[in-house]
Amino acid sequence: MRIRKIMAITMAACLAVGALAGCGKKAEDKVIKIGVFEPTTGENGGGGFQEVLGIRYANKIHPTVKINGEDYKVELVEVDNKSDKTEAVNAAQKLVSEKVSVVLGSYGSGVSIAAGQIFADAKIPAIGCSCTNPQVTEGNDYYFRICFLDPFQGTVLANFAHGDLSAKKAYCLSKQGDDYSAGVCNYFKEAFTKLGGEVVEEAFPDGNSDFTSYVTNAKNQGCDVFFAPVSIEAAANIIKQAQAQGLEIPMLASDTWDSNVVAEAAKGTGMDIYVTTFYQEGGSPDFDSGIKEYINSDSTAMANNGGNDQLAAVSAMGYDAYFTALEALKAAGSTDSEKVKEALPSVSYTGVTGTITFGENGDANRTSAFIKKCNTETAAWDLVREQGVE
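So, a few notes on the structure that sits alongside this text. For clarity, every value in this text was computed on a predicted model and none was experimentally measured.

## Some thoughts on the pattern of salt bridges
Applying the stated criterion across every chain yields a total of 16 salt bridges. Here D164 makes a salt bridge to R385, at a shortest N to O gap of 2.8 Å. Of this pair, D164 sits in the loop between helix 5 (150–163) and strand 7 (169–175) while R385 sits in strand 15 (residues 380–387), and the two are 221 residues apart along the sequence. Residue classification places R385 among the partly exposed positions, given a relative accessible area of 30%. Residues joined by salt bridges that share partners form a network here, namely E43, K175 and D206.

Right under this line is the structure:
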């Protein structure tokens, strides 16, 4: 009888301990999921991977978040939208099924626009890192972003072309069906013509890799600058073919060209190539040294960064977007996606790319861009200046 009593007491104690353990999980057992909606294949895969690197690095150095007094492990749920609008919808639906609390991405405005309604219908907020087309957030209360917009970027480029480069006639090349490149070209044209300039426009079809006819047309039309806000993959081909044809006018591009892959393609060409972008290496020494150490310590990270440790601005944007999401989670005091969305408009976070706050339509309050010139001897991007629009 005494043995039975002891066994009963022991079992009761075990059940009590088990119940307590279930009620108070350890920090490592509490998990919150953040979706990473990025292209790691397709024509924007190179830039997408560099944006993902910033997110992964941020998660590596800060893998937890305190929500309502409790520590949660942050799990990144990564999906590949494959630089394709149809695949973007599939990737977004996968993140919804994974019950993520917030989404980061995407590199590429077209895929962000395509997936926006999926996130809105599921009541999951998304934070764009570098998707600059106005349509990403227009009419969508669930899409936010931390980058500047194309109307601003296009105007900065037009002012630079007209003022610094004394351009009177500009050639603009976009990709057919691409919301991003078509949008930037449109805003550039609008601003450039207001300054009294003339614009020659063309668009190349999907899958095109031969740009000789476009370069020839720019030369024959007597253009003073060649503007092509297209993908990294297309940029490398354009630069090589422009050099082969002896194009002597400056080349302009937007944030997509701010890549070590593009700089390597330009190395040895002696061409004048300028871009607008979000971040200049050296802006945050601690971040720069930390992510470079991360890239150099991981062969996969090195490969995903294009083979060296030169920093892309989108890596810094991915990094800041991650911490902005953590601030929203803390402000919400909940893992519930709807509450995170309600908290986002009032979030303020000072990151490596500047202070991030949100204004109308969930767009970031950004008032300046970095203008860089490619150093074709060293394959690096040298700062020209930080510039806004008056």
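## Side note on the layout of surface pockets
Counted as a void, the largest pocket has a volume near 430 Å³. As for the largest pocket, its lining consists of 28 residues, of which E43, N44, S83, K175 and D178 are closest to the centre. For the lining of the largest pocket, the secondary-structure elements that each account for two or more residues are helix 4 (109–121) and helix 6 (179–194). Ranked by the residues each element gives to the lining of the largest pocket, the list is headed by helix 4, at 3 residues. Looking at the lining of the largest pocket residue by residue, the class counts come to 9 nonpolar, 11 polar and 8 charged. Roughly 200 Å³ of internal volume is contained in the second largest pocket. Considering the residues around the second largest pocket, the lining is formed by 19 residues, among which T353, R366, S368, F370 and E386 are closest to the centre. Secondary-structure elements contributing two or more residues to the lining of the second largest pocket are strand 13 (354–356) and strand 14 (369–375).

## Details of helix 7 (residues 212–220)
All buried positions along helix 7 are accounted for by Y214, V215 and A218. The buried residues of helix 7 occupy one face: seen down the axis, they fall within an arc of 100 degrees. Taken together, the buried residues of helix 7 touch strand 7, strand 8 (198–204), strand 9 (225–227) and helix 8 (232–244).

## Brief notes about the pairing of strand 11 (residues 273–277)
In terms of burial, strand 11 is a largely internal element, 5 of the 5 residues being buried. Taking every second residue as pointing to the same face, both faces of strand 11 are buried, with I273, V275 and T277 on one and Y274 and T276 on the other. Alignment of strand 10 (residues 251–253) against strand 11, held across 3 bridges, turns out to be parallel. Following the sheet pairing, L252 is matched in strand 11 by Y274. Remark: the strand 10/helix 9 (residues 260–266)/strand 11 crossover connection has right-handed handedness.

Scoring rules and cut-offs
Residues numbered from 1 in each chain as written. Predicted model: local features only at pLDDT ≥ 70, side-chain atom pairs only at ≥ 80, totals over all residues. Heavy atoms only, no water. Salt bridge = Lys/Arg side-chain N within 4 Å of Asp/Glu carboxyl O. Helix = DSSP H or I, 4+ residues; strand = E, 2+ residues; numbered from the N terminus. Buried < 20%, exposed > 50% of the residue type's maximum accessible area, 1.4 Å probe, protein only. 1 Å grid on protein atoms, 1.4 Å probe; cavity = no way out; pocket = protein on both sides within 12 Å on 5 of 7 lines; lining within 4 Å. Points joined across faces, edges and corners; volume = space filled by probe spheres on them. Nonpolar A, V, L, I, M, F, W, Y, C, P; charged D, E, K, R; others polar. Arc of directions from axis to C-beta. Contact = heavy atoms within 4.5 Å. Pairing = 2+ DSSP bridges. Right-handed = clockwise from strand over helix to strand, strands pointing away.

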